[in-house]
Protein chains: 2
Amino acid sequence: MVKLVFHSDIDYLEDWLPPLRRLLPELDAKKSADVSDPASIDVALIWTPPPRIEQYCNLKAILSLGAGVDQLDLKKLPKGVPLARLKDPSLTEGMKAYCMLAVLRYHRDFHIYERFSREGGPWRFDLPKPAAKRRIGILGLGELGASIASHLASAGFAVAGWARTPRQIPGVTTHHGWERLDALAAGSDILINLLPLTAETEGILSRKLFSQMPEGSYLINVGRGRHLIEDDLLVALRSGQLSGATLDVFRKEPLPPDHPFWREPNILITPHVATSANPETAAQQVVQNIERALRGETLLNQVDRDRGY
Amino acid sequence: MVKLVFHSDIDYLEDWLPPLRRLLPELDAKKSADVSDPASIDVALIWTPPPRIEQYCNLKAILSLGAGVDQLDLKKLPKGVPLARLKDPSLTEGMKAYCMLAVLRYHRDFHIYERFSREGGPWRFDLPKPAAKRRIGILGLGELGASIASHLASAGFAVAGWARTPRQIPGVTTHHGWERLDALAAGSDILINLLPLTAETEGILSRKLFSQMPEGSYLINVGRGRHLIEDDLLVALRSGQLSGATLDVFRKEPLPPDHPFWREPNILITPHVATSANPETAAQQVVQNIERALRGETLLNQVDRDRGY
C-alpha cells in the first residue's frame, strides 16, 4: 500500500484517482481533510501545501500539480524532501490555446465587437491587420514560453521573446539579460508574461515596464499574480498607455469580489484556467515519480530548490 | 493605358492602387463615382456591382474582390463578360484565424468570462475541456472549408465536415450528400458555415438544422447572410437549443441599427471582417487576369456562371 495525500483548490482527486489507480492499484489516496495520520503518508500530490504540512514527517516526495512550484512557497515545505514539477503535454496544449485565443481576441478586435454587440452597435468595418504586422512579445522562454512563441510565429505573427539567458527559437527574435528587457517591451503590441516567479521576476509587470511599451498596447498575464503590480496596471489602463489586459492569475485567488479589477472595463478576468494538467495524460509521470521516491531515486523533473524551479 | 473601375463598400482603392501600379504602371483605375465615361472602361474590380453597370458596355472582365461571387447577383451582371473569383492566400489566413478565434472563445468559455468580468464576478473555476472532446462541424469543404477543417483538427479538435460531393481530408471525418446533413449537425458542438451561397444552400441554417444539433451548441456563420433564417436563430437561442452564435455576414449589411440581433445577448456580431483580400498579396492575380482579359484568354479562377461558383 502506497499512501498519498492530495491537496488543491483547483484540481479534483476524483479526476486523478481512476488513472492513478489503473497504473498503481495499491494506491491509497486521500484528500488532506480526510487524513487522520499524517505521519503514515508517503507522497504528497499538491497544488498548494496542505494545512500542518510539518506533521507529514515521513514524506518521500512532494509532487506539484503545476508546471511550476512557486505557488508552493518553497521555504514552508519540509527540507530535504525531493520536489518535482509536473511536465504534462496537456499543460502546454492548454496554454498554447489560451494564449492564441487571448492574442487573436485583441488582434482581430473581438474585445471591441463584443462591446458593440452588447451596446446595439455601431457597425464599424476596419480592414483586418495582417498578423505579420502585429508584434507579440513573450517574457520567459522556458518550455511553455518557447512553445507559445513558436506557435504564434507559425500563425504569422511577428514574435520576439526575452529570457534571462540566451535562447534560440526558429522564427522568433530573442533578447536576453535584464538590460534588454526594455527593448522587448518597446516592440510588443501584445506582451505575454510566462516567466517563472522568482525574487528577481516578482513585480516585473510594473509602471516602468508599461511605460516602455507602445501606447495602446495589451498585456496578457499567465505567469503568476505576484509578477504584476496591480495598481500600476490600473494607472496604465486609465491613462491609455495600455488598452487592455487579460489576466488569468492574481495575488489572491479567487479574486476577491471587491477587487478593483472586477470594475475595470478593459480587464478580462479568467479564473486561473489558462491550463491545467490532464489526469489522463499526466498520471503516468506521477506514478513513475511515486515509484522513484519509494526507491530513493531522483525524481523526473525534480526541482532545484535553491534556484526555485 | 488600361482603364479599370473599382467598386466596394468594404475595400479601398487607396490600398489596391500602389501594388497594382507596381505591376502594371499603365493602369488608370477610378472609383465608380469618378467614372464619367463607362464605355471606356476595360475591367471591373468589384465587391458588388457599380451603379448602372449596363453602361460599362466594353468590359472584358469582371474581377471579384471576394473568394466568392454570390454577393454580385450574377443575373444582374452583363452577360458574356468573363468573371473571376479572387484566390488570395490572405483570404485563407484571415478566415483560419477568425474561425480559430470564434471556436476557442466558446471552447474556453471566454464568452462567459467576458460577462463575469463585466458584472463583477463570480469567479467560477471549471477544468478546461480537452480539445479532443469538443466536436466541430464544418459545412462546406471547398478550399476555405477544407483549410479550416485541417487547421482545427491540427489544434486537437474532433472535426467533421460536410459537402455536397465526397471529400477526403486527413484527420477530418467527412459526410456528403443532403441525406447526411443531419448526421453532421447531430455531432456538432460548434457548427461553422462556410458554404457557397446557391439556390440549394440558401436558408440552410434553419430551425430544422438547429433542431438536429446538440442542445446548447453554438453556430458560427462566415458564409453569407442569406444562408441563415434569422427568425429561426432567434427562436433557437431563446429556447436554449443553441447557446450562442457568432455572425460575420448578414442579409443586409451594414446590419441596420434596429435589427433584433443587436439586442440578443448571445449573438456576437462582427462587421464582415472574417477575412478580406490583402492587396499586397492579391495584386499579382488581379494583374494577371487583366492581362488575360485584354488578350481574350480564360481568366484564372474563372467562374462557371451557370453553376454559380
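Parameters at a glance
Residues numbered from 1 in each chain as written. Chains lettered and ligands numbered in written order. Predicted model: local features only at pLDDT ≥ 70, side-chain atom pairs only at ≥ 80, totals over all residues. Heavy atoms only, no water. Phe/Tyr/Trp six-rings, centres within 6.5 Å; stacked < 30°, edge-to-face > 60°. Helix = DSSP H or I, 4+ residues; strand = E, 2+ residues; numbered from the N terminus. Least-squares fit on C-alpha atoms with pLDDT ≥ 70 in both. Contact = heavy atoms within 4.5 Å. Buried area = accessible area lost by both parts, 1.4 Å probe. Salt bridge = Lys/Arg side-chain N within 4 Å of Asp/Glu carboxyl O. Polar contact = N/O pair within 3.5 Å; in protein donor to acceptor, adjacent residues only side chain to side chain. Buried < 20%, exposed > 50% of the residue type's maximum accessible area, 1.4 Å probe, protein only. Arc of directions from axis to C-beta. 1 Å grid on protein atoms, 1.4 Å probe; cavity = no way out; pocket = protein on both sides within 12 Å on 5 of 7 lines; lining within 4 Å. Points joined across faces, edges and corners; volume = space filled by probe spheres on them. Pairing = 2+ DSSP bridges. Axes fitted to C-alpha atoms, helices over the stretch in contact; angles between N-to-C directions. Right-handed = clockwise from strand over helix to strand, strands pointing away.

Chemist: Please explain the packing of aromatic side chains as it appears in this structure.
Modeler: In this description, an aromatic ring pair is defined by two values, namely the gap between the centres and the angle between the planes. Residues and elements named next belong to chain A. Taken as a whole, this structure holds 12 aromatic pairs over all chains when the rule is applied. With a centroid separation of 6.4 Å and an interplanar angle of 65°, the aromatic rings of Phe110 and Tyr113 are classed as edge-to-face. Here Tyr113 and Phe110 lie together in helix α3 (residues 110-119), a separation of three residues that amounts to about one turn.

Chemist: Explain the relation of the copies chain A and chain B here, please?
Modeler: At an RMSD of 0.1 Å, chain A and chain B line up after a rotation of 180° and a shift of 0.0 Å along the axis. What the superposition gives is, in effect, a two-fold axis relating one chain to the other. Closest to the rotation axis within chain A is the C-alpha of Leu101 of chain A, separated from it by 2.9 Å. Interface residue correspondence from chain A to chain B reaches 100%, placing this contact among same-surface, isologous pairings.

Chemist: Would you mind showing me how to read the interface of chain A and chain B here?
Modeler: A common way to express how large an interface is: the accessible area buried when the components associate. Contacts between the two partners involve 44 residues from chain A, matched on the other side by 44 residues from chain B. Summed over both partners, the interface of chain A with chain B comes to about 4100 Å²; 72% of that surface belongs to carbon and sulfur atoms. Connecting chain A to chain B are two salt bridges. Glu114 of chain A is the salt-bridge partner of Arg105 of chain B, the closest N and O atoms lying 3.4 Å from each other. The tally of links from chain A across to chain B stands at 10 residue pairs in polar contact (both at pLDDT 80 or more). Elements with a minimum of two residues in the side of chain A that touches chain B: α2 (89-107), α3 and β12 (267-269) of chain A.

Chemist: Can you walk me through helix α1 (residues 13-23) of chain A in this structure?
Modeler: The periodicity of an α-helix, 3.6 residues per turn, causes residues three or four positions apart to be oriented the same way. Residue and element names in this part refer to chain A. Every buried residue belonging to α1 is among Leu13, Trp16, Pro19 and Leu20, and all of these are buried. All buried residues of α1 fall inside an arc of 145° around its axis, so they share one side. For α1, the elements touching its buried residues are β1 (2-7), β2 (27-31), β3 (43-46) and α8 (279-294).

Chemist: Just checking my understanding: could you explain the pattern of salt bridges for this structure?
Modeler: Two side chains with opposite charge may pair up if their charged atoms get near one another. Scanning the entire structure with this criterion turns up 31 salt bridges over all chains. The salt bridge partner of Glu280 of chain B is Arg22 of chain B, with a shortest N-O separation of 3.0 Å. One end of the pair, Glu280 of chain B, is in helix α8 (residues 279-294); the other, Arg22 of chain B, is in helix α1 (residues 13-23), and 258 residues separate them in sequence. Counted as one network, the salt bridges with shared partners bring together Arg105 and Glu114 of chain A together with Arg105 and Glu114 of chain B.

Chemist: Which parts of the structure should I look at to understand empty space enclosed by the protein?
Modeler: Tallying each qualifying case throughout the model produces five cavities of 30 Å³ or more. Put simply, the largest cavity is a space of about 50 Å³. Lining the largest cavity are Trp262, Ile269, Thr270 and Pro271 of chain A together with Tyr113, Phe116, Pro122, Trp123 and Arg124 of chain B.

Chemist: Help me understand the environment of Ala132 of chain B in this model?
Modeler: Residue and element names in this part refer to chain B. Counting through the fold element by element, Ala132 comes out in the loop between α3 (110-119) and β6 (135-139). The class of Ala132 is exposed, set by a relative accessible area of 58%. Sequence-wise, Ala132 and Leu205 are 73 residues apart; in three dimensions their C-alpha atoms are separated by 25 Å.

Chemist: Even after reading the chapter, I still don't get the sheet that holds strand β4 (residues 61-64) of chain A, so can you show me in this structure?
Modeler: Hydrogen bonding along the main chain pairs the strands of a sheet, whether they run parallel or antiparallel. Residues and elements named next belong to chain A. Strand order in this open sheet of five strands is β2-β1-β3-β4-β5, and the pairing throughout is parallel. Strands with a single pairing partner mark the edges of an open sheet, and in this sheet they are β2 and β5 (83-84). Sheet topology places β4 next to β5; two bridges connect them, and they run parallel. Note on β5: the bridge partner recorded for Ile62 is Leu83. Against the sheet, α1 contacts β1, β2 and β3, and its axis sits at roughly 175° relative to β2. Packed onto the sheet, α8 meets β1, β2, β3, β4 and β5 and runs at close to 165° relative to β4.

Chemist: Any chance you could explain α3 of chain A here in plain terms?
Modeler: With seven of its 10 residues buried, α3 of chain A lies for the most part within the structure. When we look at burial in α3 of chain A, the residues that qualify are Phe110, His111, Ile112, Tyr113, Glu114, Phe116 and Ser117 of chain A. As for α3 of chain A, its buried residues are in contact with α2 and β10 (217-221) of chain A together with α2 (89-107), α3 and β12 (267-269) of chain B. Backbone geometry just after α3 of chain A places Gly120 of chain A at a positive phi near 80°.

Chemist: What's the story with the pairing of strand β9 (residues 190-193) of chain B in this structure? I'm lost.
Modeler: Look at any regular strand and the pattern is simple: side chains alternate between the two faces of the sheet. Residues and elements named next belong to chain B. Where burial is concerned, the two faces of β9 agree: the one with Ile190 and Ile192 and the one with Leu191 and Asn193 are both buried. Judged from the four bridges that link them, β6 and β9 form a sheet pairing that is parallel. Its bridge partner being in β9, Leu139 is matched across the sheet by Asn193. Alignment of β9 against strand β10 (residues 217-221), held across four bridges, turns out to be parallel. Among the inter-strand pairings, Asn193 is bridged to a residue of β10, identified as Asn221. The parallel pair β9 and β10, bridged by helix α6 (residues 207-212), forms a crossover whose chirality is right-handed.

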